[in-house]
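# Descriptive analysis of the structure
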Amino acid sequence: MDFNAQQQAVITEMVDGDGNLLVQSYAGTGKTTVTTTGARGMPGQVLLCAFGVQTRDDLKAKMEGTDTLVRTTHQLGFRVAAQRLGSKVMGDDPEAKGWKIAEEVCADPQNRKHTRWVYKAASFAKNAGLRGANIRPMLLPIIEDSGAPFDTDFQPKDMEELVWRCLKRAKEQKEYLDYDDMVWLPYVYNLVPKNKYAAVLVDELQDLNTPQAWLVEQLCAPKKYGGRLIGVGDEYQWLYGFRGAGGAMQRFRELGAKELSMPVSFRCARAIVQYARQYVPMFEAAPGAPEGEVVHVPVPAGRKGQPADRAFAAAKMVDPRVGDAILSRTNAPLLPTAVRLLHKGMPVAIAGRDLGDALKGLIERSRAQSPIDLRNWITRYKNKLEVVFKSETARATKRDQADALDAVAEISRDMFTLQQDIDRLFQKPKGQHVLLSTVHRAKGLEWDRVWLVEPSFVDPSGEEMGSANMCIRYVACTRAKTVLFLVGDMTSTEDDEKARAGGTRIATDLDELSGCERLDRQIDEQRERIADSRAGRRR
């Protein structure tokens, strides 16, 4: 394979260099090929750390026939805990220990229904790298962000004691491990691995959490003996702050790593690269890349309103074909769109079984007998969020789930149909289909054509959502290889001119794109029934 100058510089530094190295590899720039090529030529025992099992297996296949050891950080942590603490997994289930502890802590009848959320919050705390005697003050923000269904009878402060007890027992019961403990316990007990490697090569460095980054550093031989840390990642694709990620690239800089970059994308067409440069100015298209297209699909002026309303209106304008992806920052606009496509006979799926479980949980809690009853309950539920949650992140997550369910209820005939639709949407169909996903779940994937629900990237105040949102937008638009549809609400001549100046085509055949007349009639009828229902209650 022919490498460009930047890729060749990375390979040469990996093979012939003698210090730590940090490679900034942007979307679609050949990271895996360059990493494995460089690793093949490196002297000594090389350890290649993969972020997940699928990535590990892919890298293993590419490194077959070499002495390079390919492992996930959890495999490596498990080995350290087994050697130093005699730890093992409880049975065949890598989550058994955590669940057992959560069930014991939540044994009282009033706490039993919160077991799953206590387990999840304890997992978040481990990933965040909480350790030491004084961790309780740091628990509350993590608990609020766990997604637990708090209400006036069970609030985050009530959960704090339960989660703290889970962490305490997890540390004490070191003879067994669950998945999080594989990295967390070596970090908590400061267990320095016996086996050291001449070079430790880390893939997706930006996604490592604190315990993982610590473990990687400990696995490398000391610098005075020629030990090298090599990290490859893209700090503009940092999306996992909620699970403690974010500091590994900065740590490499503190360790004096030489920095190189690979800015040329071999995935994205020129038009898409040009669009993405507003978020990452260094991003470049490969020589000979196809022109591609960025198409702006405007929302009619009559459907404007608050950002959430515009997101729903924008989602209605999506008209995909099989094999496309529809991406949003939030879940709420995706659900009614998926239902609409499902009812048109198109094979669709929504990424994220946990979202499906959360929606079913809300339905169960509501005890609603009809979609109208459910929507009224959701309104009351959303009003309680401000009281129950101090964290805006936690409120936003719960509000998003409630809005998603509300949007589906608005177009459902009855509760049976609603629940049936939700079940079908979270089962991946066989063969090609349209995938609807949040940007977080789409990371690492690519499609020829991608639809972005633009208003979902704006907060309720109408403002862009900070630097984290810039990363999310960059990841979102670079999932597209050939055509990127920006489904938004630009309707003014001035906005149209700006879009065209940036190489964006404005879609004009709205009737062909929308296909939502029947849906609008259903929504209008549903709103009338809800209004009549509320008027009857007031009487």
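Residues numbered from 1 in each chain as written. Predicted model: local features only at pLDDT ≥ 70, side-chain atom pairs only at ≥ 80, totals over all residues. Heavy atoms only, no water.

Moving on, we get to the overall build of the protein. The number of helices and strands found in the protein is 24 helices and 17 strands. Looking at the 539 residues of the protein, the share that counts as buried comes to 54%. Nonlocal contacts in the protein, meaning residues at least 24 apart in sequence, comprise 75% of its contacts between residues at least 6 apart. Just so you have it, the protein exposes about 24,300 Å², and 48% of that area is on carbon and sulfur atoms. (Helix = DSSP H or I, 4+ residues; strand = E, 2+ residues; numbered from the N terminus. Buried < 20%, exposed > 50% of the residue type's maximum accessible area, 1.4 Å probe, protein only. Contact = heavy atoms within 4.5 Å. Areas by Shrake-Rupley, 256 points an atom, 1.4 Å probe, with all protein chains shown as cover.)

Turning next to the nonpolar core. Judged by nonpolar contacts, the single largest core of 54 residues is most densely connected at Met159, Val163, Leu167, Val200, Val202 and Leu205. Residue contributions to this core peak at seven residues, all from helix H7 (residues 115–127). Beyond its immediate chain neighbours, meaning those up to four positions away, Leu167 contacts Ala122, Ala125, Lys126, Ile135, Leu139 and Trp184. Counting residues in hydrophobic clusters, the runner-up holds 47 residues, among them Met317, Leu355, Ile422 and Trp451. (Core = buried A, V, L, I, M, F, W, Y, C linked by side-chain atoms within 4.5 Å.)

Another aspect to go through is the side chain of Ser25. Tracing the backbone through its elements, the reader meets Ser25 in strand S1 (residues 21–25). At a separation of 2.8 Å, a polar atom in the side chain of Ser25 contacts the side chain of Thr29. Each residue touching Ser25, except ones within four places of it in the same chain, is listed here: Lys31, Val232, Gly233, Asp234 and Met262. (Polar contact = N/O pair within 3.5 Å; in protein donor to acceptor, adjacent residues only side chain to side chain.)

A few words on the confidence of the model for the protein. Residues with a pLDDT of 70 or more make up 83% of the protein, whose mean pLDDT is 83. Counting interchain partners and residues more than four positions distant, the pLDDT-below-50 stretch residues 489–504 has 25 contacts. Confidence drops under pLDDT 50 across residues 506–527; counting only partners more than four residues distant or on other chains, this segment forms 46 contacts. (pLDDT = per-residue confidence, 0-100.)

Glancing now at the pattern of salt bridges. Applying the stated criterion across every chain yields a total of 29 salt bridges. Across the pair Arg169 and Glu104 runs a salt bridge whose closest N-O atoms are separated by 3.2 Å. Remark: Glu104 occurs in helix H5 (residues 96–105) and Arg169 occurs in helix H9 (residues 156–172); sequence separation between them is 65 residues. Judged by its relative accessible area of 32%, Glu104 falls in the partly exposed class. Its salt-bridge partner being Lys443, residue Asp207 comes within 3.0 Å of it at the nearest N-O pair. Linking Asp207 in the loop between strand S6 (199–203) and helix H11 (210–219) with Lys443 in the loop between helix H20 (439–442) and strand S15 (447–453), this pair joins segments that are 236 residues apart in sequence. Overall, Lys443 belongs to the buried group, its relative accessible area being 15%. (Salt bridge = Lys/Arg side-chain N within 4 Å of Asp/Glu carboxyl O.)

In this section: the environment of Val295. Positionally, Val295 belongs in strand S11 (residues 293–297). For the pair Val295 and Ala271, spaced 24 residues apart in sequence, the C-alpha separation works out to 9.8 Å.

If you walk through the whole model with that rule in mind, you get four cavities of 30 Å³ or more. In this model, the largest cavity occupies a volume close to 70 Å³. Mapped by element, the contributors of at least two residues to the lining of the largest cavity are H5, H7 and H9. At five residues, the largest contribution of residues to the lining of the largest cavity is made by H7. Of the residues that constitute the lining of the largest cavity, the class distribution is seven nonpolar, two polar and three charged. For the second largest cavity, the calculated volume is near 60 Å³. Lining the second largest cavity are Leu76, Arg79, Val80, Gln83, Pro193, Lys194, Asn195, Tyr197 and Leu219. The dominant element in the lining of the second largest cavity, judged by the number of residues it contributes, is helix H4 (residues 73–85), at four residues. Split into classes, the residues belonging to the lining of the second largest cavity amount to five nonpolar, two polar and two charged. (1 Å grid on protein atoms, 1.4 Å probe; cavity = no way out; pocket = protein on both sides within 12 Å on 5 of 7 lines; lining within 4 Å. Points joined across faces, edges and corners; volume = space filled by probe spheres on them. Nonpolar A, V, L, I, M, F, W, Y, C, P; charged D, E, K, R; others polar.)

This part is about the environment of Gly444. Examined against the element boundaries, Gly444 turns out to sit in the loop between H20 and S15. Taking C-alpha positions, Gly444 is 8.8 Å from Ala27, a pair spaced 417 residues apart along the chain.

Moving on, we get to the packing of aromatic side chains. Evaluated as defined, the whole model comprises eight aromatic pairs. Ring centres of Tyr275 and Tyr279 lie 6.1 Å apart, and the angle between their planes is 80°; this geometry places the pair in the edge-to-face category. Using a relative accessible area of 10% as the deciding quantity, one classes Tyr279 as buried. An aromatic cluster is built from Tyr26, Tyr236, Phe283 and Tyr474, whose rings are joined through pairwise contacts. (Phe/Tyr/Trp six-rings, centres within 6.5 Å; stacked < 30°, edge-to-face > 60°.)

Let us now look at the packing of H5 against H9. Geometrically, a packed helix pair is captured by the angle between its two axes and the distance between the axes. Two elements in contact, H5 and H9, have axes whose closest approach is 9 Å; the angle formed by their N-to-C orientations is 135°. For the element pair H5 / H9, the angle class is oblique. Of the two possible hands of crossing, H5 and H9 adopt the one that is right-handed. Across from Lys97, Ile101, Ala102, Glu104 and Val105 in H5, the residues of H9 making contact are Leu162, Arg165, Cys166, Arg169 and Ala170. (Axes fitted to C-alpha atoms, helices over the stretch in contact; angles between N-to-C directions. Parallel < 35°, antiparallel > 145°, perpendicular 65-115°, else oblique. Left-handed = near helix turned anticlockwise from the far one by under 90°.)

Contact geometry of H5 with H7 gives a least axis separation of 9 Å together with a crossing angle of 125°. The angle between the axes of H5 and H7 places the two elements in the oblique class. Like other packed secondary-structure pairs, H5 and H7 cross with a definite hand, here right-handed. From H5, Gly98, Trp99, Ala102 and Glu103 reach across to H7, where they touch Thr115, Arg116 and Tyr119. For the contact of H5 with H7, the per-class residue count stands at three nonpolar, two polar and two charged.

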